[in-house]
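Structure at a glance
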Amino acid sequence: MVKVGIIGATGYAGGELVRLLLSHKEVEIKWYGSQSYIDKKYSEVYQNMFQIVDEICMGDNMEELAEQVDVIFTATPQGYCASLVTEEVLSKVKVIDLSADFRIKDVDIYEEWYQIKHPSASFIEEAVYGLCEINRDKLKDARLIANPGCYPTCSTLTIYPLLKEGLIDPSSIIIDAKSGVSGAGRGAKLDNLYCEVNENIKAYGVATHRHTPEIEEQLGYACGEKVVLNFTPHLIPMNRGILITSYASLRNGVTEEMVKDAYHKYYDDEYFVRVLEGSNCPQTKWVEGSNYVDINYKIDKRTGRIIMMGAMDNLVKGAAGQAIQNMNLLFGLPENMGLQQVPLFP
């Protein structure tokens, strides 16, 4: 059994980790960490866990936790995991960080976009970016995994094959993104109140959203050059889900068959990436509660551009599910173990 500790177990991503790991036959959760609810029963925070989880919430002593478990998940705000990780901790335990602390390789870019000083920059180079479909081989021996952001996961997987194959112009990429409210976390915020969100849709972080450099960095690896793009997220009045609609100019001579072949080349053998058939467009309702990403595209011959679309659950493939994929890889388990839930509908 893989012994697991979770720091930040009472946030939305942490709660999703608990829900999914409870059905994982090779995992035992040993530590439900939450600074806000120390000594309170976990099932009092999440009543859906009544008579399922009897443990109480504990603190965030990573050094003590490292003595008790095989892997630590940190579902915490930016800067928090980086303040706890040490060489001593990493010598004893694997760490999978769901924050952005180790995703971006250039510490100056991280500090510019997140407006915080990085407390453990020496570990950035070692950390492996945990997008399993692309970095699978690098992840198996990692000590520290940077679990990707939700928007970057959906954006990168949707665009990656066409950039990797040189079928689109990297300088022409525009990403329009929409997310449910859970993507903003469980903390009380005025902008997330029911009356603020309901019957409304709005753009936010326009030209400044901090997932932008993460997306640019990962797509840059795909095409072997610096990528600068427009990324605009929108908040929509639903609990969970992400829809990405991306636009790019096709290279001269690129055909529909070449595009189709590229997607199937990279994703036919991927359990969690589903390339839809025909003109079916991805929809959030068909991936909700699951670790699947649905992808499709449409070529606009009139403009010479391609529209690339992706949908996924921001709390599962965009956070907890992907973290469990990474854990499975670390411990030599089937990658889809504990993650075979069929999407919820209705």
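Analysis parameters
Residues numbered from 1 in each chain as written. Predicted model: local features only at pLDDT ≥ 70, side-chain atom pairs only at ≥ 80, totals over all residues. Heavy atoms only, no water. Pairing = 2+ DSSP bridges. Helix = DSSP H or I, 4+ residues; strand = E, 2+ residues; numbered from the N terminus. Contact = heavy atoms within 4.5 Å. Axes fitted to C-alpha atoms, helices over the stretch in contact; angles between N-to-C directions. Buried < 20%, exposed > 50% of the residue type's maximum accessible area, 1.4 Å probe, protein only. Phe/Tyr/Trp six-rings, centres within 6.5 Å; stacked < 30°, edge-to-face > 60°. Lys NZ or Arg CZ within 6 Å of the ring centre and 35° of its normal. 1 Å grid on protein atoms, 1.4 Å probe; cavity = no way out; pocket = protein on both sides within 12 Å on 5 of 7 lines; lining within 4 Å. Points joined across faces, edges and corners; volume = space filled by probe spheres on them. Nonpolar A, V, L, I, M, F, W, Y, C, P; charged D, E, K, R; others polar.

**Describing the sheet that holds strand S5 (residues 128-129)**
Spatial strand order, S2-S1-S3-S4-S6-S5: six strands in an open sheet with parallel pairing. Each end of this open sheet is capped by a strand with a single partner; those strands are strand S2 (27-33) and S5. The pairing of strand S1 (residues 2-7) with strand S3 (residues 71-74) spans four bridges and is classified as parallel. Bridge assignment links Ile7 to a residue of S3, and that residue is Thr74. Taken strand by strand, helix H12 (residues 316-330) contacts S1, S2, S3, strand S4 (94-97) and strand S6 (144-146), and its axis lies near 160 degrees from that of S4.

**Let's talk about the pairing of S3**
Neither face of S3 is left uncovered, since the one carrying Val71 and Phe73 and the one carrying Ile72 and Thr74 both have all their residues buried. Here S3 pairs with S4 via four bridges, running parallel. Bridge pairing links Thr74 to Asp97 in S4.

**Observations regarding the packing of aromatic side chains**
As enumerated under the stated definition, the model contains ten aromatic pairs in all. Taking the centre distance of 5.7 Å and the plane angle of 50 degrees together, the rings of Tyr42 and Tyr46 count as tilted. Measuring from ring centre to ring centre gives 4.9 Å for Tyr271 and Phe272, while their planes differ by 80 degrees; the resulting arrangement is edge-to-face. Owing to a relative accessible area of 38%, Tyr271 belongs among the partly exposed residues under this scheme. An aromatic cluster of three or more residues is present, and its members are Tyr32, Tyr42 and Tyr46. Between the NZ or CZ atom of Arg274 and the centre of the ring of Tyr292, over which it lies, the distance is 4.5 Å.

**A few points about the sheet that holds strand S13 (residues 305-312)**
The strand order S8-S9-S7-S10-S13-S12-S11 describes an open sheet built from seven strands, whose pairing is mixed. On the outer flanks of this sheet lie strand S8 (202-203) and strand S11 (273-275), each paired with one strand and no other.

**Some remarks on the layout of surface pockets**
Approximately 1,300 Å³ is the volume found for the largest pocket. Lining the largest pocket are 48 residues, and of these Gln78, Gly183, Ala184, Gly185 and Lys189 lie nearest its centre. Every element with two or more residues in the lining of the largest pocket is listed here: helix H1 (12-21), helix H8 (150-164) and H12. Residue contributions to the lining of the largest pocket peak at three residues, all from H1. Residue classes in the lining of the largest pocket are distributed as 17 nonpolar, 24 polar and seven charged. There is about 530 Å³ of room inside the second largest pocket. Surrounding the second largest pocket, 27 residues form its lining, Tyr12, Val181, Ser182, Asn239 and Leu315 being those nearest its centre. Sorting the residues of the lining of the second largest pocket by element identifies H1 and helix H9 (194-197) as the ones contributing at least two each. Ranked by the residues each element gives to the lining of the second largest pocket, the list is headed by H1, at four residues. Grouping the constituent residues of the lining of the second largest pocket by class yields twelve nonpolar, nine polar and six charged.

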